[in-house]
Amino acid sequence: MTLHSPFGQPLLTFPEQDKSPLSIRAKALVFVDPRSQALRQALERLAPQSLPVLIRGETGTGKELLARQIHRASDRGGLFVSVNCAAISPTYADAELFGYSAGSQGGTASSRAGWFGSANGGTLYLDEIADLPLAIQAKLLAALENREVTRVGAAHPQPVDVRLVAASSIDLGRAVQAGRFNERLYHYLHEGELALPALRQRIGDILPLAEYFVGIYSLRLDRPVALISEAAQQALEAHAWPGNTRELENVIHFALLVSDGEDIRPEHLDLPNLEPLANLARQLQQLGSSGEPQTLVELRLLLNEALARLDEGAS
C-alpha cells in the first residue's frame, strides 16, 4: 500500500522539522476507516475558520497531528506552538504561558514572550488542557476573549492574535461538574470540537498504519521490507490497542527486531494469545462500536445466518 501526504490522501505524519520533545506519542495517522474519513472532512471544514478547537481522544491517538494539520490548513502565518500542560510548573505557570517583563523573575535583565506571545499570529496547542491550574484557565480565557495578555511584572497589556487548539483525554464536561475545569472556558472551546476515535474503533486504519511502520523501521534497521502475514493481520485487527497508535508502532518495531524471515507472523507480534471465542467476542465488540448503521445491519445479518446454520447442524 502506498501512503501519501494529508488532505485527500490517507497518511498524516510529523515532518522532521515539526518534531519536538513534546511529540512523544502517535507519530502517524491514516484516514482509511470510514470514521477517520468523516473526521478528516470535519477537520477540513474547521481548519480555515477562526474558531477555537477542542480535540477529544485517548492518549496516543494522534491529537497533536490533527492540531498541526489544523494550523497548516489555516491562513495563519505565525508559529504552531505546542505546550504540554501537564509539564507546566504550577508555580511558574503564569510566566510560562503569558511571559514576563524584565526584572520580574529573580532580577532577570531580559523579558520573555511566553508560550502565548510566541504563538502570536499563529496557533497555540495546549495538550491536556485540564491540567492547567484553575486560576490560569480563567486568565487564558480572558486573554483569548480580549485578545491581549499582561506579562508578569508588566504595567500594561499587549495585543495578541492567537488561535487556540486544545486537546483532552478526559471528559471536560465531567471535570466542570467536579469543579476542576472552568465552565466558561469549556463553553468557549465547545464552538469547534473534533472527536478522534481510539484505534480499536478505527479497524480499517490498523493495517495501513502497521504497513507504514513496517516501512519506517525496515529502513532504520537496514533490512528488506517485510510482509505482514495474513495470520498476523488478523491478530493485529483483533487486538484492543489500549496504547493506540504508539502501541502499534512499538509492536511493529519489536516484530521486525525478532523476525528472521521475509514476513511478520503472529509469534513476532508479542500480543496476548486469545482463545478463539475471546478473539471472536473482541472482534464483534470492535465492529459493534463502529457506530456505522450499515456495519451494524450487516453484523446482525451475519450473526443471524451463523446462528441459523448452528441450529440446523444441531437438529
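What counts as what
- Residues numbered from 1 in each chain as written.
- Predicted model: local features only at pLDDT ≥ 70, side-chain atom pairs only at ≥ 80, totals over all residues.
- Heavy atoms only, no water.
- Pairing = 2+ DSSP bridges.
- Helix = DSSP H or I, 4+ residues; strand = E, 2+ residues; numbered from the N terminus.
- Axes fitted to C-alpha atoms, helices over the stretch in contact; angles between N-to-C directions.
- Core = buried A, V, L, I, M, F, W, Y, C linked by side-chain atoms within 4.5 Å.
- Buried < 20%, exposed > 50% of the residue type's maximum accessible area, 1.4 Å probe, protein only.
- Contact = heavy atoms within 4.5 Å.
- Parallel < 35°, antiparallel > 145°, perpendicular 65-115°, else oblique.
- Left-handed = near helix turned anticlockwise from the far one by under 90°.
- Nonpolar A, V, L, I, M, F, W, Y, C, P; charged D, E, K, R; others polar.
- pLDDT = per-residue confidence, 0-100.
- Phe/Tyr/Trp six-rings, centres within 6.5 Å; stacked < 30°, edge-to-face > 60°.
- Lys NZ or Arg CZ within 6 Å of the ring centre and 35° of its normal.
- Arc of directions from axis to C-beta.

Caption draft 1: Representation of the sheet that holds strand S3 (residues 53–56) within the structure. Strand order in this open sheet of five strands is S4-S5-S8-S3-S9, and the pairing throughout is parallel. Strand pairing shows two members of the sheet lacking a second neighbour, strand S4 (80–84) and strand S9 (193–195), which therefore form its edges. Within this sheet the neighbouring strands show an average axis-to-axis angle of 15°, counted without direction. Bridge count for S3 against strand S8 (residues 163–168) is four bridges, and the pairing is parallel. Within the sheet, the bridge partner assigned to Val 53 lies in S8 and is Val 165.

Caption draft 2: Geometry of the nonpolar core. Judged by nonpolar contacts, the single largest core of 33 residues is most densely connected at Phe 116, Leu 124, Leu 126, Ile 129, Leu 140, Phe 181 and Leu 189. Those elements that place two or more of their residues in this core are S4, helix H3 (93–98), strand S5 (123–127), helix H5 (134–146), S8, helix H6 (172–177) and helix H7 (183–189). Those residues in contact with Ile 129 that lie beyond four places of it in its chain are Cys 85, Gln 137, Leu 140, Leu 164, Ala 166, Ala 167, Leu 172, Phe 181, Leu 185 and Leu 189. Counting residues in hydrophobic clusters, the runner-up holds 26 residues, among them Leu 199, Leu 207, Tyr 212 and Val 214.

Caption draft 3: Seen up close, the packing of helix H8 (residues 203–220) against helix H9 (residues 230–238). Between H8 and H9, the least distance of the axes is 9 Å, while the angle of their chain directions is 130°. When the interaxial angle is binned, H8 and H9 end up oblique. Crossing of H8 over H9 shows right-handed handedness. From H8, Ile 203, Ile 206, Leu 207 and Ala 210 reach across to H9, where they touch Gln 233, Leu 236 and Glu 237. The residue makeup of the contact of H8 with H9, split by class, is five nonpolar, one polar and one charged.

Caption draft 4: Seen up close, unusual backbone geometry. Unusually for a residue other than glycine, Asp 222 sits at a positive phi of about 55°. When you line up the elements, Asp 222 lands in the loop between H8 and strand S10 (227–228). Judged by relative accessible area, which is 73%, Asp 222 ranks as exposed. Of note, Trp 241 is a non-glycine position whose phi angle comes to about 50°, a positive value. For Trp 241, the location among the structural elements is in the loop between H9 and helix H10 (244–258).

Caption draft 5: Broad picture of the confidence of the model for the protein chain. With 82% of its residues at a pLDDT of 70 or more, the protein chain has an overall mean of 84. Low confidence marks residues 1–9, where pLDDT is under 50. Its contacts with residues over four positions away, or in another chain, come to 24 contacts. Across residues 20–24 the pLDDT falls below 50, and counting only partners more than four positions away or on other chains, this stretch makes 10 contacts in the model.

Caption draft 6: Local environment of the side chain of His 268. Mapped onto the secondary structure, His 268 falls in helix H11 (residues 266–269). Assessed through its relative accessible area of 6%, His 268 is described here as buried. Leaving out residues up to four positions away in the same chain, His 268 has contacts with Phe 254, Ala 255, Val 258, Ser 259 and Asp 263.

Caption draft 7: Here's a closer look at the packing of aromatic side chains. This structure, assessed with the given rule, holds three aromatic pairs. Between Phe 80 and Tyr 125, the ring centres sit 6.0 Å apart and the planes meet at 20°, which makes this aromatic pair stacked. A residue pair is termed long-range when its members are at least 10 positions apart, and Phe 80 in strand S4 and Tyr 125 in strand S5 qualify at 45 residues. For Phe 80, a relative accessible area of 17% puts it in the buried group. Across the ring face of Tyr 217, the terminal group of Arg 220 is positioned such that the distance to the ring centre comes to 4.8 Å.

Caption draft 8: Main features of H9. Looking at H9, one finds that the buried residues are Ala 232, Leu 236 and Ala 238. Axial view of H9: buried residues confined to an arc of 170°, hence all on one face.

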